[in-house]
Amino acid sequence: MQFGIFTVGDVTPDPTNGTTPSEGDRIKAMVTIALKAEEVGLDVFATGEHHNPPFVPSSPTTMLGYIAARTERLLLSTATTLITTNDPVKIAEDYAMLQHLAGGRVDLMMGRGNTGPVYPWFGQDIRNGIPLAIENYSLLHKLWRDEVVDWKGRFRTPLQSFTSTPRPLDGVPPFVWHGSIRSPEIAEQAAYYGDGFFANHIFWPKEHTQRMVGLYRERFGHYHGSPDQAIVGLGGQVFMRRNSQDAVREFRPYFDNAPVYGHGPSLEDFTRETPLTVGSPQEVIDRTLGFRDYVGDYQRQLFLIDHAGLPLKVVLEQLDLLGEEVVPVLRKEFAKNRPADVPDAPTHESLVAAAAAAAAAAASAEVVA
Amino acid sequence: MTQRTIAVVSGGLRQPSSSRLLADRLAAATGEELTRLGVTPKIEVIELRDHAHEIVDNLLTGFPGSAFAKVVETVAAADGLVAVSPVFTASYSGLFKSFVDLLPDGSLAGKPILIGATGGTARHSLALDHAMRPLFAYTRSIVVPTGVFAAAEDWAGEEAVERLDKRSRRAAAELAAEVARREPTEIEDPFALRTSFEDLLAGE
């Protein structure tokens, strides 16, 4: 099972002292956080993509390419890549390039984006969110697999004899996750392609996650034989101190003023209603192990630890706790009673091996014929 | 006997509130009319004041807390609705509107609604037809022709009480007739797939 962090990349004033990092500070902090994630033994760093303030990560492959050059092992991903407003041709090119530079340590999570004005800024209409996600991804899927593409659709200029370059590393496209909070069409899309499904699982009640993952598994079974072979990822949001009360006391002002839920429900209400966990490392371990009860054995767990104006120093302390105390226990505990046939999340190496095995099987079938 | 559920939403803020008094009268009258039509009424009363914090929380977070989700579902699942708001500054109260804002898209479509309002004087009575009726036109609901407004003076005096009672009965009879002639409400599952992937790919 893979463990990591995902970041929204918000520039938010620290409510305890009123200071706001500059965009430059925040961008560098995101990089520092990613490097620290590798250092403490996490597997994945995923960045959001946004095209409006107060968010900085508009250019994920630039940031991930830089992080790739400074890490050895860390898997670089997105949360999410806007499949609606980006040109799928550019996504195909950018992430194939990143794949080469990062030696295959790349995957992506597709998302639609929920900010109305971003769509028209990129020539689109939010009311076409689902049709855009479906059409653009079907083109992206093709561009990474077919050398020469003839294509036409509703939302983009047609392509004749187009080849996306560079070709994916070793001829194997990056693994793709599809993220959605409550659109059944996206769970269906992930199942149809045999891709992963990622439930945001922060800011929302667990029932959404349970329903969406259930639907994805059921449809994955329909298309590919077994719901247990589906690839599921979950988000999560935590704040920890060794002592539970210290965690609550320190996090409360950040919670009370946070974008998304600030000035609304109490920390206690929100902790009860959503997967947010504020407390000791042991409480985070217990809560996280409980996720399996409603989604089944899953493949990737990402935590949100750096939003709402939390200072970099505090975020790095969170990473120490995750790396030293939480994730080692989670790895051990999640491995217990895990059926042997539950797959791991695909990596570049496993996809290359699977492609080679498929090619060998096809060749031997030809010989037999 | 068949059964139909009437959700009664009262947006009054005071306790006791005149909106709640009116809502209770309209609910009781609707119950009687349904019974007369051979339908067993089930009345579910929702005082918005009890859910004021949950309403704001839902507006901010985008999802209803688990207890408030049941309130929303009660209204969405009801076969008919009695909706009563106090008139504040020429319209329904902000809390009342916020609650309506949180009902799932389409959940009031085709639903029979009896509108009621309360205010200090009868001069506010047009809020019914200038604010509440258009609101529920937008939600594609079936607002019955008679709306019931109760001013402070309607709660006393033989003639006034009789007039309020008569209007309430007429409105309730209209609501009961609309509810009784319809099939029970079915709630759509928001997580259900409605289009095959082939159709989605084909742009349908």
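Residues numbered from 1 in each chain as written. Chains lettered and ligands numbered in written order. Predicted model: local features only at pLDDT ≥ 70, side-chain atom pairs only at ≥ 80, totals over all residues. Heavy atoms only, no water.

1. Details of the overall build of chain B
Here is the rule: Where helices and strands are cited, they refer to DSSP runs of H or I of at least four residues and of E of at least two residues respectively, numbered from the N terminus. As a reference, a globule follows 2.2 Å times the number of residues to the power 0.38, and the radius of gyration itself is taken over C-alpha atoms. Only protein chains enter the calculation, and the probe is 1.4 Å; a residue is then buried if its accessible area is under 20% of its type maximum, exposed if over 50%, and partly exposed in between. Computed by Shrake-Rupley with a 1.4 Å probe, the accessible areas treat only the displayed protein chains as cover when residues are assessed.
Scanning chain B from N- to C-terminus turns up 7 helices and 7 strands. Along chain B, from the amino end to the carboxyl end, the secondary structure elements read β-α-β-α-α-β-β-α-β-α-β-β-α-α. Taking 204 residues into account, the globule formula puts the C-alpha radius of gyration at 17 Å, and chain B, at 18 Å, falls close to it. Taken along its principal axes, the extent of the C-alpha atoms in chain B is 65 × 40 × 30 Å. Residue burial in chain B is summarised as follows: out of 204 residues, 47% are buried. Put simply, chain B shows about 10,000 Å² of open surface, and 52% of that area lies on carbon and sulfur atoms.

2. Re the UniProt feature "domain: NADPH-dependent FMN reductase-like" (unreviewed entry) in chain B
What counts here: UniProt positions are given in the numbering used here, feature names are shortened, and annotations may be inferred rather than shown by experiment.
Per the UniProt entry, the sites bearing "domain: NADPH-dependent FMN reductase-like" (unreviewed entry) are residues 6-155 of chain B in this numbering. Helix makes up 41% of residues 6-155 of chain B and strand 26%, with an end-to-end C-alpha separation of 24 Å.

3. With respect to the interface of chain A and chain B
To keep it simple, the criterion reads: In what follows, a contact means two residues having at least one pair of non-hydrogen atoms within 4.5 Å. Here the buried area means the combined drop in accessible surface, using a 1.4 Å probe, for two parts upon being joined, counting both sides. The salt bridge definition used is simple: a Lys or Arg side-chain nitrogen within 4 Å of an Asp or Glu carboxyl oxygen. Pairs of N or O atoms are called polar contacts if they sit within 3.5 Å, as long as, within protein, a hydrogen donor faces a hydrogen acceptor (for residues adjacent in sequence, only side-chain-to-side-chain pairs). Note that Gly is not counted as nonpolar here; it falls among the polar residues with everything else outside the nonpolar set of Ala, Val, Leu, Ile, Met, Phe, Trp, Tyr, Cys and Pro and the charged set of Asp, Glu, Lys and Arg.
Between chain A and chain B, the contact holds 31 residues from the first and 17 residues from the second. Overall, the association of chain A and chain B removes approximately 1,900 Å² of surface from exposure, summing both partners, and the carbon and sulfur fraction of that is 69%. Together, I134, R211 and E273 of chain A form the three largest contributors to the area buried by chain A at its contact with chain B, with a combined 25%. Our count for the chain A to chain B interface comes out at 1 salt bridge. In this structure, D189 of chain B and R211 of chain A form a salt bridge, with 2.5 Å as the shortest nitrogen-oxygen distance. Across the chain A-chain B interface, the total number found is 2 residue pairs in polar contact (both at pLDDT 80 or more). Looking at the side of chain A that touches chain B, the elements with two or more residues in it are α5 (129-145), α6 (184-193), α7 (206-224) and α9 (267-273) of chain A. A per-class count over the side of chain A that touches chain B returns 16 nonpolar, 7 polar and 8 charged.

4. Re the pairing of strand β5 (residues 112-119) of chain B
All names here are of chain B. Where we set the bar: When DSSP locates at least two bridges between a pair of strands, those strands are taken to pair.
Counting buried positions along β5 yields 8 of 8 residues, so the element is predominantly enclosed. Sheet analysis places strand β3 (residues 80-88) next to β5, joined by 6 bridges and oriented parallel. Looking at the pairing, P86 lines up with T118 of β5. Looking at chain direction, β5 and strand β6 (residues 142-143) are connected through 2 bridges and run parallel.

5. Remarks on the sheet that holds strand β9 (residues 196-199) of chain A
Residue and element names in this part refer to chain A. The line we're drawing: As a rule, the C-alpha atoms of each element are fitted with a line to give its axis, helices using only the stretch in contact, and angles between N-to-C directions run from 0 to 180 degrees.
In space, the 9 strands of this open sheet follow the order β3-β2-β1-β13-β10-β9-β8-β5-β4, with parallel pairing throughout. At either end of the open sheet lies a strand with only one pairing partner, and these are β3 (75-78) and β4 (81-82). Note that strand β2 (residues 44-47) and β3 share 4 bridges and pair parallel. Within β3, the position partnered with T47 by the bridge is T78. The strands touched by helix α1 (residues 23-39) within the sheet are β1 (2-7) and β2, with β1 carrying the most contacts at an inclination of about 175°. Against the sheet, helix α2 (residues 60-69) touches β2 and β3, its axis set at about 170° to β3.

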